[in-house]
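What follows is the residue order along each chain.
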Amino acid sequence: MGFLQDKKVLITGVASTRSIAWGVAEAMHREGATLAYTYQSDKLKKRVEDVAEQTGSSLVLPLDVQSDEQIAALFGELEQQWGGLDVIVHSIAFAPRSELEGSYIDAVTRGGFATAHDVSVYSLAALAKAARPLMAGRNGAIVTMSYLGAVRTIPNYNVMGVAKASLEANVRYLADSLGPEGTRVNAISAGPIRTLAASGISGFKTMLDESEKRVPLRRNTTIQEVGNAAAFLCSDLASGITGDVLYVDSGYHILGM
Ligand code: 0WD
């Protein structure tokens, strides 16, 4: 029996089988969880339905996190289908591409800053808020995906780093709010992984090549490794852990030089 047996899990942020969320979905499925997925736009619907099927799931629902109506409809549907919810995997981020190149001060704009924070940060609070009645009292867990750019400057990462810093603070505040109801909230800070979102960051390939040479484990992180850590964090095995940021980055964050 897997360590997520009988857990009902909502997976957001699958855009392809390269997505970090897909690594999480596979690990959670392996550990016995029942999964529902969201897709951001009709363009991605078929692709998400196809991968959902690989984990025995046909519950695939629309979710653009900038729409309050879609958020309400999503949890309304989950309540109907499941009656409750144990886990949310938040694996969503976006900033306009023009924000992700050059010097931060040149690239940042009011609009880009607002969009990055709305999609990548507020969305976590919005989902937690809407899911609250479904998750309360079930030893639930929420996990989101962060990056080292939250605490160090990374070339071209720019406003997304500022948003990740806010995301990590969001995790702490949500953990404090929801702890009394038994719901834990954590982040994983993943090492760089080649995905659709990452391809929008200027110089990403160089970042991957460099980190592979320097990290203690001498190889880049995989979505399977992030998936296994997320499965653990959202299981009862991690019942004492909340408000934390767990680095799954082959050890990159410990390096001083
Ligand atoms: O190196 C990396 N890939 C790292 C990613 C290192 C550390 C952290 N992360 C984070 C990302 O910042 C993000 O929070 O992991 C999370 C997942 O990213 P990913 O797996 O790298 O990216 P991807 O496969 O592209 O999935 C992110 C998805 C979007 O994909 P596209 O490529 O279409 O932007 O987030 C979803 C969308 O499916 N998304 C939204 N979902 C709902 N509403 C929205 C939205 N408005 N915007 C983006």
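Structure's up top.
Here is what the cut-offs are and how they apply
- Residues numbered from 1 in each chain as written.
- Predicted model: local features only at pLDDT ≥ 70, side-chain atom pairs only at ≥ 80, totals over all residues.
- Heavy atoms only, no water.
- Helix = DSSP H or I, 4+ residues; strand = E, 2+ residues; numbered from the N terminus.
- Rg over C-alpha atoms; globule rule 2.2 N^0.38 Å.
- Buried < 20%, exposed > 50% of the residue type's maximum accessible area, 1.4 Å probe, protein only.
- Contact = heavy atoms within 4.5 Å.
- Areas by Shrake-Rupley, 256 points an atom, 1.4 Å probe, with all protein chains shown as cover.
- Lys, Arg positive; Asp, Glu negative; His and termini not counted.
- Charge placed at Lys NZ, Arg CZ, Asp CG, Glu CD.
- Core = buried A, V, L, I, M, F, W, Y, C linked by side-chain atoms within 4.5 Å.
- Near = heavy atom within 4 Å.
- Polar contact = N/O pair within 3.5 Å; in protein donor to acceptor, adjacent residues only side chain to side chain.
- Nonpolar A, V, L, I, M, F, W, Y, C, P; charged D, E, K, R; others polar.
- Pairing = 2+ DSSP bridges.
- Right-handed = clockwise from strand over helix to strand, strands pointing away.
- Phe/Tyr/Trp six-rings, centres within 6.5 Å; stacked < 30°, edge-to-face > 60°.
- Axes fitted to C-alpha atoms, helices over the stretch in contact; angles between N-to-C directions.

A.B. asks: Just to check I follow, could you spell out the overall build of the protein for this structure?
C.D. replies: From N to C terminus, the protein includes 8 helices and 7 strands. Radius of gyration (C-alpha) of the protein: 17 Å, near the 18 Å computed for a compact globule of 257 residues. Counting only C-alpha atoms and orienting by the principal axes, one finds that the protein spans roughly 50 × 40 × 35 Å. Counting all 257 residues of the protein, 53% fall into the buried class. Within the protein, residue pairs in contact and separated by at least 24 positions form 73% of the contacts whose partners lie at least 6 positions apart. About 11900 Å² of surface is accessible on the protein, with carbon and sulfur atoms providing 51% of the total. Taking the average place of the 23 positive charges on the side chains of the protein and the average place of its 27 negative ones, the gap between the two points comes to 5 Å.

A.B. asks: Quick question: what am I supposed to make of the nonpolar core here?
C.D. replies: One recurring pattern in soluble globular proteins is that nonpolar side chains are buried together. F75, L78, L85, I88 and I142 are the most contacted members of the largest nonpolar core, which totals 48 residues. For this core, the secondary structure elements donating two or more residues are α3 (68–82), α5 (110–135), α6 (158–178), β6 (184–190) and α7 (204–214). Ranked by the residues each element gives to this core, the list is headed by α5, at 11 residues. The residues touching L78, leaving out its near neighbours within four places in the chain, are L10, A36, L59, L61, G83, L85 and L134.

A.B. asks: I would appreciate a short explanation of the site of the ligand in the present structure.
C.D. replies: Lining the immediate surroundings of the ligand are 26 residues, of which S19, I20, K164, I193 and T195 lie closest. In this structure, an oxygen atom belonging to the ligand sits 3.4 Å away from a main-chain N or O atom of G13. Between an oxygen atom of the ligand and a side-chain N or O atom of T195, the distance comes to 2.4 Å. In the complex, 90% of the free accessible area of the ligand, which totals 860 Å², lies under the protein chains. In terms of residue class, the shell around the ligand is built from 17 nonpolar, 7 polar and 2 charged.

A.B. asks: Is there a simple way to explain the environment of Q54 in this structure?
C.D. replies: Along the chain, Q54 falls in helix α2 (residues 42–54). Between the C-alpha atom of Q54 and that of G240, which follows or precedes it by 186 residues, the distance is 32 Å. Each residue touching Q54, except ones within four places of it in the same chain, is listed here: W22 and H29.

A.B. asks: In this structure, what is going on with unusual backbone geometry? I would like to understand it.
C.D. replies: Even without being glycine, D6 reaches a positive phi, approximately 70 degrees. Its location among the elements puts D6 in the segment before β1 (8–11). With a phi close to 60 degrees, S250 is a non-glycine residue in the positive phi region.

A.B. asks: Looking at this structure, I do not really get the pairing of strand β2 (residues 34–39). What am I missing?
C.D. replies: Successive residues of a regular strand alternate their side chains across the two faces of the sheet. Of all 6 residues in β2, 5 are buried; the element is thus mostly enclosed. Inspection of the sheet shows β2 paired to strand β3 (residues 60–62) by 3 bridges, in the parallel sense. When the bridges of β3 are listed, Y37 appears paired with V60. Tracing the backbone out of β2, into α2 and back to the parallel element β3 gives a crossover that is right-handed.

A.B. asks: What should I look at first to understand the packing of aromatic side chains in this one?
C.D. replies: Where two aromatic rings form a pair, the distance of their centres and the angle of their planes describe that pair. For the structure shown, the criterion picks out 1 aromatic pair. Taking the centre distance of 4.9 Å and the plane angle of 70 degrees together, the rings of Y147 and Y157 count as edge-to-face. Of this pair, Y147 sits in the loop between β5 (141–146) and α6 while Y157 sits in the loop between β5 and α6, and the two are 10 residues apart along the sequence. For Y147, a relative accessible area of 12% corresponds to the buried category.

A.B. asks: Looking at this structure, how should I read α2?
C.D. replies: An α-helix turns once per 3.6 residues; consequently, residues spaced three or four apart project the same way. All of the buried residues in α2 are L44, V48, V51 and A52. In the core, the buried residues of α2 are packed alongside α1 (20–30), β2 and β3. A positive backbone phi angle near 70 degrees is found at G56, which sits one or two residues after α2.

A.B. asks: Would you mind showing me how to read the sheet that holds β6 here?
C.D. replies: One key point about sheets: their strands pair by backbone hydrogen bonds, in either a parallel or an antiparallel sense. With parallel pairing, 7 strands are arranged side by side in an open sheet as β3-β2-β1-β4-β5-β6-β7. Each end of this open sheet is capped by a strand with a single partner; those strands are β3 and β7 (245–248). Across the sheet, the axes of successive neighbouring strands diverge by a mean angle of 20 degrees, strand direction being ignored. Along the sheet, α5 contacts β4 (87–90) and β5; its crossing angle with β4, the most-contacted strand, is approximately 170 degrees.

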